[in-house]
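Chain by chain, the residues:
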2 protein chains.
Amino acid sequence: MIVRGENLIGGETSAAGPRSLRAVNPVTRETLEPGFPEATTGEADRAVESASGSFEAYRAASADQRADFLDRIAVEIEALGDALIERAAAESGLPVARLTGERGRTAGQLRMFAGVVREGSWVGARIDRALPDRQPLPKPDLRRMLIPMGPVVVFGASNFPLAFSVCGGDTASALAAGCPVVVKAHPAHPGTSELVGRAVVAAAEASGMPAGVFSLVHGAGHDTGLHLVGHPLTKAVAFTGSLKGGRALFDAAASRPEPVPVYAEMGSTNPVFVLPGAARNAAAEFSAGLAGSVTLGVGQFCTNPGVVVMMKDPSSAALLNSMKDAFAGTSPGTMLHEGIRQNFQAGVDRLRATPGVEELAHSGTAADPGKTEAGAVVFTTTAETWLRTPALAEEVFGPSTVVISCGDPQEMENLARRLEGHLTATLHGTPEDLADHNGLVSILENRVGRLIFNGFPTGVEVCPSMQHGGPYPATTDSRTTSVGTAAIERFARPVCYQDFPQASLPTELRDRNERGLWRLLDNAWTQDDA
Amino acid sequence: MIVRGENLIGGETSAAGPRSLRAVNPVTRETLEPGFPEATTGEADRAVESASGSFEAYRAASADQRADFLDRIAVEIEALGDALIERAAAESGLPVARLTGERGRTAGQLRMFAGVVREGSWVGARIDRALPDRQPLPKPDLRRMLIPMGPVVVFGASNFPLAFSVCGGDTASALAAGCPVVVKAHPAHPGTSELVGRAVVAAAEASGMPAGVFSLVHGAGHDTGLHLVGHPLTKAVAFTGSLKGGRALFDAAASRPEPVPVYAEMGSTNPVFVLPGAARNAAAEFSAGLAGSVTLGVGQFCTNPGVVVMMKDPSSAALLNSMKDAFAGTSPGTMLHEGIRQNFQAGVDRLRATPGVEELAHSGTAADPGKTEAGAVVFTTTAETWLRTPALAEEVFGPSTVVISCGDPQEMENLARRLEGHLTATLHGTPEDLADHNGLVSILENRVGRLIFNGFPTGVEVCPSMQHGGPYPATTDSRTTSVGTAAIERFARPVCYQDFPQASLPTELRDRNERGLWRLLDNAWTQDDA
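Residues numbered from 1 in each chain as written. Chains lettered and ligands numbered in written order. Predicted model: local features only at pLDDT ≥ 70, side-chain atom pairs only at ≥ 80, totals over all residues.

Details of the overall build of chain A
A tally of regular secondary structure across chain A gives 16 helices and 23 strands. Against the 2.2 N^0.38 benchmark of 24 Å for 530 residues, chain A shows a C-alpha radius of gyration of 25 Å, consistent with a compact globule. Once the C-alpha set of chain A is aligned to its principal axes, its extents read approximately 75 × 65 × 40 Å. Going through the 530 residues of chain A one by one, you find that 60% of them count as buried. Sequence-distant contacts, at least 24 apart, represent 75% of the contacts inside chain A between residues at least 6 apart. (Helix = DSSP H or I, 4+ residues; strand = E, 2+ residues; numbered from the N terminus. Rg over C-alpha atoms; globule rule 2.2 N^0.38 Å. Buried ≥ 20, exposed ≤ 12 C-beta atoms within 10 Å, placed from the backbone. Contact = placed C-beta atoms within 7 Å.)

Right, dumping it as structure tokens:
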């Protein structure tokens, strides 16, 4: 399939504006054709209006129809074949193997949500039957379930050009919930975005879904996105990216006449705590795992471990030595685009210039900036320095980490108490270490969305129990997850029906439970009829 | 028990500030003793700090301990006996029978949440067991559940001095979730607030809960509340009151360095749609029910029906006549305070002065402003007038309603599309009417939290299926409810544990399901062990 350079609005292509943007191959630095027309405000408005206009028809589709649509999107994305992988590799510099895996995850997410929709219990149906003879007043019949919110604006992320972009987790979960989606394409991979966008449009057509169920618009700066967020018909926003970008969208949405939820997944340094048993018994294994996690995807994951906290004790010299070896053995890699590389370099330079921070090691081979490459760097400092230098808590997006030495367990707890919100925290040690540090675990629980024992935070499993989120500034809404089946709940809200006749109730709430949903019937969970 | 006039901060009484406020009996206009010291910023800070300091201990309490605490609060409130009812009647002008019922609801809510906590499934436990042999990568063990957010600031509401004030639904659900609570007392009923506050403090002491789990502060204006919302250790806010007040708190919370959720339940006019069958066959019954609902609690319920939408057809003259009779037969009642009465009067005067709006009827006996009384008023207008007069959509808090005539079903749908968010919408008619108007129902579903058939929106059942909320401006967060068991979820967020040893997991997530919780185990609901 050829990339044409168009906005996709309500099932039609559109290129009304005068400005266009082009992608750059970060490996070769060559500008890629074609140009992509930046959406005008008129086009952005049409996308949201088209989404709103299709909402009633889309949410009226049966669960099976909606699930078939999601499955069909997966098929259409797979049918793009090598063309998609090649374009994504050219626009992102990511290896073909990684992108092939990411395409599998993207299709897998869509099929997972199709399964969630088909099974149907996600609507959280609750039924309390009437008690007409209750004293002093009769109890009415009340039935409650989740319904979709309305048009959702999704921002494609640069670091997952497939799995968290045009039809990644956010779009899949919003469509699954019954919400039309308008995607603001990430300007670093517009061609990949168009290809995936066309796959969604083709699936909507093939599945008989209303044309406005999906739109895709391009824009180089912030204006298009802010315009979409400010549109009165937009009902929710999903974003993965920087703290600055996510906060700007949150502020714009909160200051609307009608505020709407913003699910922004932003920066995180994902602290890793090395407890005594790990330092003593597993230094080499830990260090190899850490270097692998820090350099995975050239450090461009939200769950990249940017802080390691260890105890200064007899085993620390050996632990630091093994980290030194592990990081020296890593190779540089091409980052997603030059802007990210420059920011990373600036962050590393800032760390190098910070008093009390020492460079422990860096990748053994030199990075080639002409190929937009960056190498890994590991720094050391003390808890004392870290606590008095707030800038050290800021995320450096890329393959670097700062190792902090603590004098005693109390200092480790003090440091943990000073942490802002993160997506994850990790603890390494023996099970006994973990039990001995239950105070530390309790502190961390209040600051993160996921706690990992003897693993690494990169590698986010897509499943019902995943929580990918965390207190601010990791996200703008710690009550939800952007990965896993529970993400569907972000785009829905409860509605209650009082004394409705059976025929006018949604099928999910009728006495006869024809789809065998799990429902809370008179306060007891059951798959039975009411 | 004597009302002393004190703030209750972390288990101790405090009266550091120079200013004090006093309640006024709206029936007699007499000022009530004693004075209540307005909290200083230092006292407000201490309340939040004390809440935060108690958080780890409080959330570590077992489910049974927390449930016992909630039960004990109910007992302590009941033990206040007549003193509570008398003080509440003096401060609110509400009848003793109503307040006695409201006390029953307050105690009932506490015991309901005790039951929710004891049963335990509300934490939404999910377990995905490891698949160490999965290809290409092993699957880790992942377990997820809700944990409490931290200190919650609750604003007492004037219109429910017991059931939505110091220890009403918001406080009960936050405490149930494991969050310490700081209450900003409503200045209209400070004595009632102190009595209930003392009951909570006594229950905390008797149950061995940390002293900071509950604080109560007084303040006449907005400063104290805004200060509490802006405190960095505050993690969520709950409010019931005006649109202006709720929006101010939302804005303050959204503009914090770390934004926090605000659950503000604000104005709503709760439209009632009269479909042809009701107008034809049940005019007198409908009109009597409407007048009863509009005047219940002198119209001071969030669910008061302030708009009635009917069709202009051969039956409408008889319907309007029956409404006229029903409203003429109502009696005035004392409002909660003079400010509310004046606002109501100003709203009624505004309606009277609006071109195209006619007064149909008012209470047959005159209201005595010296007793802070207001009588019911019913107005009529056309859909055309309503659609071109945005001010008609504003809530007039009190016993008034506006009846809007539509020329045809299409105009009724157009009007429904123009509605902002409401707590409820009601439809009256035959089951066939409802089926014939499924387009209207679909429009209303997107604008309200609860749909009622052949009933009235006042009377909010406290049960698992209740949804008391709705799109903005009915609330600032349509994803949650302030009434019913699901309210506990507002004060919790999910945390995931990856590869944690059994001994370090919360009991709710261990293999052995000792409390028999409903859990999603490998994507299937069960009460079995893992």
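Quick notes on the relation of the copies chain A and chain B
In the superposition of chain A on chain B (RMSD 0.0 Å, axial shift 0.0 Å), the rotation amounts to 180 degrees. This pairing of chains is accounted for by a two-fold axis. The C-alpha atom lying nearest the rotation axis in chain A is that of Ala254 of chain A; the distance is 3.3 Å. Both copies present the same face, since 100% of the interface residues in chain A are matched by interface residues at the equivalent positions in chain B. (Least-squares fit on C-alpha atoms with pLDDT ≥ 70 in both.)

Focus on the packing of helix H4 (residues 96–119) of chain A against helix H5 (residues 169–177) of chain A
Residue and element names in this part refer to chain A. Packing of H4 against H5 brings their axes to within 9 Å, and their N-to-C directions diverge by 20 degrees. As summarised for this structure, H4 and H5 are arranged roughly parallel, according to the angle between their axes. Crossing handedness for the pair H4 and H5: right-handed. Where H4 approaches H5, its residues Gln109, Leu110, Phe113, Val116 and Val117 are matched on the opposing element by Gly169, Ala172, Ser173 and Ala176. (Axes fitted to C-alpha atoms, helices over the stretch in contact; angles between N-to-C directions. Parallel < 35°, antiparallel > 145°, perpendicular 65-115°, else oblique. Left-handed = near helix turned anticlockwise from the far one by under 90°.)

Notes on the interface of chain A and chain B
Taken together, the contact pairs 56 residues of chain A with 56 residues of chain B. Elements supplying a minimum of two residues to the side of chain A that touches chain B: strand S5 (126–128), strand S6 (142–148), helix H8 (243–254), helix H15 (431–436), helix H16 (438–445), strand S20 (448–453) and strand S21 (492–498) of chain A. Per-class residue counts for the side of chain A that touches chain B are 28 nonpolar, 15 polar and 13 charged. Pairing of S20 of chain A with strand S21 (residues 492–498) of chain B, which is carried by 3 bridges, proceeds in the parallel orientation. Within the sheet, the bridge partner assigned to Ile452 of chain A lies in S21 of chain B and is Gln498 of chain B. (Nonpolar A, V, L, I, M, F, W, Y, C, P; charged D, E, K, R; others polar. Pairing = 2+ DSSP bridges.)

Remarks on helix H2 (residues 63–79) of chain A
Residue and element names in this part refer to chain A. With 17 residues, H2 should reach 24 Å at 1.5 Å per residue; the first-to-last C-alpha distance of 24 Å fits that figure. Of all the 17 residues making up H2, 12 are buried; the element is thus mostly covered by neighbouring parts of the structure. Three or more residues of H2 are buried, namely Ala63, Arg66, Ala67, Asp68, Phe69, Leu70, Asp71, Arg72, Ile73, Ala74, Glu76 and Ile77. Remark: Gly81 follows H2 within two positions and exhibits a positive phi of approximately 55 degrees. (Expected span 1.5 Å × (residues − 1).)

Remarks on the environment of Ala188 of chain A
Residues and elements named next belong to chain A. Looking at the element boundaries, Ala188 is found in the loop between strand S8 (181–184) and helix H6 (190–206). For the pair Ala188 and Leu275, spaced 87 residues apart in the sequence, the C-alpha separation amounts to 40 Å. The contacts of Ala188, once residues within four sequence positions are left out, are Ala23, Glu91, Ser158, Leu336 and His337.

Thoughts on the pairing of strand S19 (residues 422–428) of chain B
Residue and element names in this part refer to chain B. For S19, the buried fraction is high: 7 of the 7 residues fall into the buried class. In this sheet, S19 lies alongside strand S12 (residues 272–274) in parallel orientation, the contact comprising 3 bridges. Bridge pairing in S19 places Phe273 opposite Leu427. The pairing of S19 with strand S20 (residues 448–453) spans 5 bridges and is classified as parallel. The residue of S20 that forms the bridge with Leu427 is Phe453.

Concerning the pairing of strand S11 (residues 262–265) of chain B
Residue and element names in this part refer to chain B. Burial of S11 is two-sided: the residues Val262 and Ala264 facing one way and the residues Tyr263 and Glu265 facing the other way are all buried. In this sheet, S11 lies alongside strand S10 (residues 236–240) in parallel orientation, the contact comprising 4 bridges. Across the sheet, the residue bridging to Val237 is Val262, located in S11. Each parallel crossover has a hand, and the one from S10 via helix H8 (residues 243–254) to S11 is right-handed. (Right-handed = clockwise from strand over helix to strand, strands pointing away.)

Focus on the sheet that holds strand S6 (residues 142–148) of chain B
Strand order in the open sheet formed by 12 strands is S15(A)-S17(A)-S18(A)-S13(A)-S12(A)-S19(A)-S20(A)-S21(B)-S6(B)-S5(B)-S22(B)-S23(B), and the pairing between neighbours is mixed. Only two strands of the sheet have a single partner each, and these edge strands are strand S15 (358–362) of chain A together with strand S23 (524–526) of chain B. Between one strand axis and the next, the sheet turns through 25 degrees on average, direction left out of account. Bridging between S6 of chain B and S21 of chain B involves 7 bridges; their strand directions are antiparallel. Within S21 of chain B, the position partnered with Met145 of chain B by the bridge is Val495 of chain B. Across the sheet, H16 of chain A is in contact with strand S12 (272–274), strand S19 (422–428) and S20 of chain A together with S6 and S21 of chain B; its angle to S20 of chain A comes to roughly 145 degrees.

Some points on the packing of helix H14 (residues 409–417) of chain A against H16 of chain A
Residues and elements named next belong to chain A. Following both chains from N to C, one finds H14 and H16 inclined at 10 degrees, their axes separated by 9 Å at the closest point. Taken together, the axis directions place H14 and H16 in an arrangement best described as roughly parallel. Here Met412, Glu413, Ala416 and Arg417 of H14 lie close against H16, whose contacting residues are Gly439, Leu440, Ile443 and Leu444. For the contact of H14 with H16, a count of residues per class yields 5 nonpolar, 1 polar and 2 charged.

A short note on the confidence of the model for chain A
Chain-level pLDDT for chain A is 97 on average; 100% of the residues reach the 70-or-more range. Interface confidence in the predicted complex, given as ipTM, is 0.98; pTM for the same model is 0.98. (pLDDT = per-residue confidence, 0-100.)

Things to note about the sheet that holds strand S22 (residues 519–521) of chain A
Taking strand neighbours across the sheet as the criterion, the 12 strands line up as S23(A)-S22(A)-S5(A)-S6(A)-S21(A)-S20(B)-S19(B)-S12(B)-S13(B)-S18(B)-S17(B)-S15(B) in an open arrangement whose pairing is mixed. Each having just a single partner strand, strand S23 (524–526) of chain A together with strand S15 (358–362) of chain B make up the two edges of the open sheet. Geometrically, the sheet is characterised by an average inter-axis angle of 25 degrees between neighbouring strands, direction not taken into account. Pairing between S5 of chain A and S22 of chain A: 2 bridges, direction parallel. By the bridge assignment for S22 of chain A, Ile127 of chain A is matched with Leu521 of chain A. Relative to strand S18 (residues 400–406) of chain B, helix H12 (residues 338–352) of chain B is tilted by about 25 degrees, and along the sheet it contacts S15, strand S17 (377–382) and S18 of chain B. Contacts from helix H14 (residues 409–417) of chain B reach S12, strand S13 (307–311) and S18 of chain B within the one sheet, and its direction differs from that of S18 of chain B by about 135 degrees.

A look at unusual backbone geometry
Cis rather than trans, the peptide bond between Gln135 of chain A and Pro136 of chain A has omega equal to 0 degrees. With respect to the helices, strands and loops of the structure, Pro136 of chain A is situated in the loop between S5 and S6. Following Tyr472 of chain B, the chain continues into Pro473 of chain B via a peptide bond in cis, with omega recorded as 5 degrees. One non-glycine residue, Arg29 of chain A, lies in the positive phi region at around 65 degrees. Positionally, Arg29 of chain A belongs in the loop between strand S3 (20–21) and strand S4 (36–37). Assessed through the 12 C-beta atoms surrounding it within 10 Å, Arg29 of chain A is described here as exposed.

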